[in-house]
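Structural overview
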Amino acid sequence: MDVDRPAAAGARPGRRAAEGDRRGREGRRAPPPRDAAVSGQEVVFTLLGVVAVGSAVLVVTTRRLVHAALWLVVSFGALAGGYLVLTAEFVAWVQVLIYVGAVVVLLLFGIMLTRAPIGESADLDSGNRWAALGVAAATAAVLVTVVVMGFGDARTPLREGGGSAEELGAGVFRTWVLPFEILSVLLLASLVGAIVLSRSDIGPRARTGEGGDV
């Protein structure tokens, strides 16, 4: 009896190790295959994406400035709907309030105040259409390739509150603070450039006018 007890006691650690290995293998098993059925969220997101891309194409192909601004509203609205499907309500409302409610309205006011032609205009048809199409296609191919190579078939479960202001603020000002600051400097430079280009009292033409007056 005394001889068998040490043998049994020595067998217990081995049994426990075997059970631990079995549980580890079970924990490392591949997740169950995802159901092939398409969910309603995916269908709605796809439809919104098609609307956004189609309206964006109409923005750059139409020959009427007012129609381009209205199609831009449709594109921004579809993007806001996509954010809602992704449970990013804060980003969706920012999209509606800032882009639809401010940028597009500012564009329409700019068209009216500058007395730009609101009808069909041949000047809006550029001769570099095919070059622009090639650049757009190449850019889209690069972006799709980078996303596919970077993420592959990875999926992120949608959870309530994932797009709240608190989480977005923490992500922007902790993880992405450097790209955020670089983008702010780029926007500031664009604003300064737009102001310089819109002024008529500086530049070669202004100097020519002053010389003519003398």
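Residues numbered from 1 in each chain as written. Predicted model: local features only at pLDDT ≥ 70, side-chain atom pairs only at ≥ 80, totals over all residues. Heavy atoms only, no water.

As annotated in an unreviewed UniProt entry, the protein chain carries the name NADH-quinone oxidoreductase subunit J and is attributed to Actinomadura chibensis. Looking at the Subcellular location (unreviewed entry) heading of the UniProt record, one finds this comment for the protein chain: "Cell membrane". A UniProt comment under Sequence similarities (unreviewed entry) is attached to the protein chain, and it reads "Belongs to the complex I subunit 6 family." (UniProt positions renumbered as here; feature names shortened; annotations may be inferred.)

Helix and strand content of the protein chain: eight helices and zero strands. Starting at the N terminus, the α and β elements of the protein chain follow one another as α-α-α-α-α-α-α-α. Out of the 214 residues belonging to the protein chain, those deemed buried represent 9%. A sequence separation of at least 24 residues applies to 63% of the contacts in the protein chain between residues at least 6 apart. (Helix = DSSP H or I, 4+ residues; strand = E, 2+ residues; numbered from the N terminus. Buried < 20%, exposed > 50% of the residue type's maximum accessible area, 1.4 Å probe, protein only. Contact = heavy atoms within 4.5 Å.)

For helix H3 (residues 65-85), built from 21 residues, the straight-helix expectation of 30 Å at 1.5 Å per residue is met to within 8% by its first-to-last C-alpha distance of 31 Å. Looking only at H3, the buried set comprises Ala 68, Ala 69, Ser 75, Phe 76, Ala 78, Ala 80, Gly 81, Gly 82 and Val 85. Buried residues in H3 make contact with helix H2 (40-61) and helix H4 (89-113). Following H3 by one or two positions, Thr 87 adopts a phi angle in the positive range, close to 60°. (Expected span 1.5 Å × (residues − 1).)

Moving on, we get to the UniProt feature "transmembrane region" (unreviewed entry) in the protein chain. UniProt records the feature "transmembrane region" (unreviewed entry) for residues 43-61, 68-86, 92-118, 130-151 and 176-197 in the present numbering. Taken as a whole, residues 130-151 contains 100% helix and 0% strand, while its terminal C-alpha atoms sit 31 Å from one another.

Residue Thr 87 is not a glycine yet carries a positive backbone phi of 60°. By the secondary structure assignment, Thr 87 is in the loop between H3 and H4.

This brings us to a nonpolar patch on the surface. A surface patch of nonpolar side chains, amounting to about 580 Å² of accessible area, comprises Trp 93, Val 96, Leu 97, Ile 98, Tyr 99 and Val 103. Considering the arrangement of structural elements, one finds Trp 93 in helix H4. Its relative accessible area of 54% is what places Trp 93 among the exposed residues. (Patch = residues over 30% accessible without salt bridge, like charges linked within 9 Å, V, L, I, M, F, W, Y side chains within 5 Å. Areas by Shrake-Rupley, 256 points an atom, 1.4 Å probe, with all protein chains shown as cover. Salt bridge = Lys/Arg side-chain N within 4 Å of Asp/Glu carboxyl O.)

Between H2 and H3, the least distance of the axes is 8 Å, while the angle of their chain directions is 160°. Relative to H3, the element H2 is oriented roughly antiparallel. Taken as a pair, H2 and H3 cross one another with a handedness that is left-handed. On the side of H2, the interface is formed by Gln 41, Val 44, Phe 45, Leu 48, Val 51, Ala 52, Ser 55, Ala 56, Leu 58 and Val 59, while H3 contributes Ala 68, Trp 71, Leu 72, Val 74, Ser 75, Ala 78, Leu 79, Gly 81, Gly 82 and Val 85. Of the residues contributing to the contact of H2 with H3, the split by class is 15 nonpolar, five polar and no charged. (Axes fitted to C-alpha atoms, helices over the stretch in contact; angles between N-to-C directions. Parallel < 35°, antiparallel > 145°, perpendicular 65-115°, else oblique. Left-handed = near helix turned anticlockwise from the far one by under 90°. Nonpolar A, V, L, I, M, F, W, Y, C, P; charged D, E, K, R; others polar.)

On to the packing of aromatic side chains. Enumeration according to the criterion identifies two aromatic pairs in this entry. Plain terms: the ring middles of Phe 173 and Phe 180 are 5.4 Å apart, the flat faces sit at 65° to each other, and that makes the pair edge-to-face. (Phe/Tyr/Trp six-rings, centres within 6.5 Å; stacked < 30°, edge-to-face > 60°.)

Taking 1.5 Å per residue as the helical rise, H4 with its 25 residues ought to reach 36 Å, and the 34 Å between its terminal C-alpha atoms agrees with that figure. Turning to H4, its buried residues are Ala 92, Gln 95, Val 104 and Ile 111. Against the buried residues of H4 lie H3.

Our next topic: the environment of Val 104. Checked against the element boundaries, Val 104 lands in helix H4. Expressed as a C-alpha distance, the spacing of Val 104 and Leu 72, which sit 32 residues apart in the sequence, is 7.5 Å. Once you skip the residues sitting within four places of it in the chain, Val 104 turns out to touch Ala 69, Leu 72, Val 73, Phe 76 and Tyr 99.

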